[in-house]
Amino acid sequence: KVFHRVKEGDLHSRVMTLAGHDGEVRCVAFAGEERVVTGSNDKTVRVWDVATGSQLRCLDGHRDRVYSVATHPWGHLIASGCGDGTVNVWDANWTDG
């Protein structure tokens, strides 16, 4: 994980790099202001803490590549679309820690 502070007016600075998937990352979505959700060719959906860059959860259960992720506006559900034609809906109501 690489973290950088963004200077005011510098919109091209990388804030952080999230690393942990074993395959190509195909989709990314913010889940509120505190989490990022990613889907990958490694058949997993991962949830990341925006403040620290740490992985909070690895959601596995797809049988093929994950092509899309979406989050509920209130942040309590995550949907992920897979190459096998299925969509998984995940409960995101957990406590960190």
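What you are looking at is a predicted structure, and each value in this text was computed from that prediction instead of being measured.

**Notes on the overall build of the protein chain**
Right, on to step 1. A tally of regular secondary structure across the protein chain gives zero helices and nine strands.
Right, on to step 2. Each helix and strand of the protein chain, placed in order from N terminus to C terminus, yields the pattern β-β-β-β-β-β-β-β-β.
Right, on to step 3. Within the protein chain, the fraction of its 97 residues that count as buried is 32%.
Right, on to step 4. Relative to all contacts within the protein chain whose residues are 6 or more apart in sequence, the contacts with residues 24 or more apart total 27%.
Right, on to step 5. Approximately 6,400 Å² of the protein chain is accessible, and the part contributed by carbon and sulfur atoms is 50%.

**Observations concerning unusual backbone geometry**
Right, on to step 1. The phi torsion at K43 lies on the positive side, around 75 degrees, for a residue other than glycine.
Right, on to step 2. Position of K43 relative to the elements: it lies in the loop between strand 4 (35–40) and strand 5 (44–49).

**Comments concerning the nonpolar core**
Right, on to step 1. Of all hydrophobic cores here, the largest spans 13 residues; its most connected members are V37, V45, V47, L59, V69 and I78.
Right, on to step 2. Breaking this core down by element, the ones donating at least two residues are strand 3 (25–31), strand 5, strand 6 (55–60) and strand 7 (66–71).
Right, on to step 3. When residues in this core are grouped by element, the largest group, three residues, is from strand 3.

**Here we look at a nonpolar patch on the surface**
Right, on to step 1. A grouping of L77, V87 and V89 is seen on the molecular surface, where their side chains present a nonpolar patch of about 260 Å² in accessible area.
Right, on to step 2. Residue position: V89 is located in strand 9 (residues 87–91).

**Some points on the confidence of the model for the protein chain**
Right, on to step 1. For the protein chain, mean pLDDT is 84; residues scoring 70 or higher make up 81% of the total.
Right, on to step 2. Predicted confidence in the protein chain is weakest over strand 1 (residues 2–3), with a mean pLDDT of 42, and strongest over strand 7, with 96.

**Remarks on the environment of Q55**
Right, on to step 1. For Q55, the location among the structural elements is in strand 6.
Right, on to step 2. Exposure remark for Q55: the relative accessible area of 34% places this residue in the partly exposed category.
Right, on to step 3. Along the primary structure Q55 and R35 are separated by 20 residues, whereas in three dimensions their C-alpha atoms are 9.5 Å apart.
Right, on to step 4. If we skip the residues at most four places from it in the chain, Q55 touches R46, V47 and W48.

How each quantity is defined
Within every chain, residues take consecutive numbers counted from 1 along the sequence as written. Residue-level local features of this predicted model are given only where pLDDT is at least 70; pairs of side-chain atoms are given and counted only at 80 or more, and the full residue set underlies all totals for whole chains, interfaces and linings. In computing side-chain properties, one takes all heavy atoms of the structure into account and sets aside hydrogens as well as water. Working definition: helices are DSSP H or I runs of at least four residues, strands are E runs of at least two. Numbering for both runs from the N terminus. Exposure categories follow from relative accessible area, calculated using a 1.4 Å probe and restricted to protein chains: below 20% of the type maximum is buried, above 50% is exposed, and the middle band is partly exposed. Whether two residues touch is decided by their heavy atoms; if any such pair falls within 4.5 Å, the residues are in contact. The Shrake-Rupley method, run with a 1.4 Å probe sphere, supplies the accessible areas, and residue values consider only the shown protein chains as cover. Only buried residues count toward a nonpolar core, which is a set of Ala, Val, Leu, Ile, Met, Phe, Trp, Tyr and Cys residues joined through side-chain atoms within 4.5 Å. Each patch is assembled from residues with relative accessible area greater than 30% and no salt bridge, linking like charges that lie within 9 Å and nonpolar side chains (Val, Leu, Ile, Met, Phe, Trp, Tyr) that lie within 5 Å. Throughout this description, the term salt bridge denotes a Lys or Arg side-chain nitrogen within 4 Å of a carboxyl oxygen of Asp or Glu. Scored from 0 to 100, pLDDT records how confident the predictor is in each individual residue.

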